[in-house]
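Chain residues, written in single-letter form:
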Amino acid sequence: MIQRRTDSLWNATRAVPLVVLALVLAGCGQAALLLDVGDCFDDPPGLADTVTNVDVIDCADPHDNEVYAVVDFPEEGGYPGDDAVKEFADETCISTFESFVDFDYLQSELDLGYFWPTDESWDAGDRAVQCFVYELDGSQATGSLRGAGR
């Protein structure tokens with residue numbers, strides 16, 4: 001598990017599982033499991049442990065996060081467990097960070113988080129891990145962080 005370099009209101013990695021079942025019940029925002037590279041969004045209200053929807057906004061406007069990678073977990077069959085999925089997400093998001101930001105993760109002024117499938121969303125076909133980048137100091141970014149070089 002990635003250890004954050006600063007305290008946060010989110011989990012230790014600012015990583016949040018997705019639950020598909022709640023998507024039917026939730027009425028606003030975009031389903032978090034449908035986020036794609038280049039989508040920008042603000043932190044969900046209340047910073048819940050499980051996120052179903054986020055409000056996607058124009059990256060030209062101030063925003064908290066930007067999706068920089070979406071990678072499917074390579075395994076089929078039953079849910080491999082939170083630890084296996086989070087380990088895959090940690091490795092994937094760290095290894096893809098530099099190619100998006102143009103800067104080494106460990107030296108960056110930016111940090112990463114991710115959404116990962118839960119056992120419930122896995123049963124519905126969800127295999128995607130969505131990696132997102134955000135300002136380490138908690139400020140909002142304006143414009144894309146692609147190629148930020150910091």
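The rules behind the values
- Residues numbered from 1 in each chain as written.
- Predicted model: local features only at pLDDT ≥ 70, side-chain atom pairs only at ≥ 80, totals over all residues.
- Heavy atoms only, no water.
- Helix = DSSP H or I, 4+ residues; strand = E, 2+ residues; numbered from the N terminus.
- Contact = heavy atoms within 4.5 Å.
- Patch = residues over 30% accessible without salt bridge, like charges linked within 9 Å, V, L, I, M, F, W, Y side chains within 5 Å.
- Areas by Shrake-Rupley, 256 points an atom, 1.4 Å probe, with all protein chains shown as cover.
- Salt bridge = Lys/Arg side-chain N within 4 Å of Asp/Glu carboxyl O.
- Lys, Arg positive; Asp, Glu negative; His and termini not counted.
- Charge placed at Lys NZ, Arg CZ, Asp CG, Glu CD.
- Buried < 20%, exposed > 50% of the residue type's maximum accessible area, 1.4 Å probe, protein only.
- Pairing = 2+ DSSP bridges.

Caption draft 1: Quick peek at the overall build of the chain. Counting secondary structure elements, the chain contains three helices and eight strands. From first element to last, N terminus to C terminus, the chain shows the α and β order β-α-β-β-β-β-β-α-β-α-β. A separation of at least 24 residues holds for 66% of the contacts in the chain among residues at least 6 apart in sequence.

Caption draft 2: Region of the structure containing a negative patch on the surface. A contiguous patch of negative charge, built from Asp82, Asp83, Glu87, Glu91, Asp119, Glu120 and Asp123, is present on the exposed surface. Put simply, the parts of the chain that give the negative patch at least two residues each are α2 (82–101) and α3 (119–123). For the negative patch, the element with the most residues is α2, which contributes four residues. Looking at where Asp123 falls in the secondary structure, it is placed in helix α3.

Caption draft 3: Local environment of the pairing of strand β8 (residues 128–135). With respect to burial, β8 is a largely interior element, eight of its eight residues being buried. Sheet topology note: the strand β6 (residues 65–72)/β8 ladder contains six bridges and is antiparallel. Paired with Glu66 across the strands is Val133, a residue of β8. One ladder, built from six bridges, connects strand β7 (residues 110–117) with β8; its direction is antiparallel.

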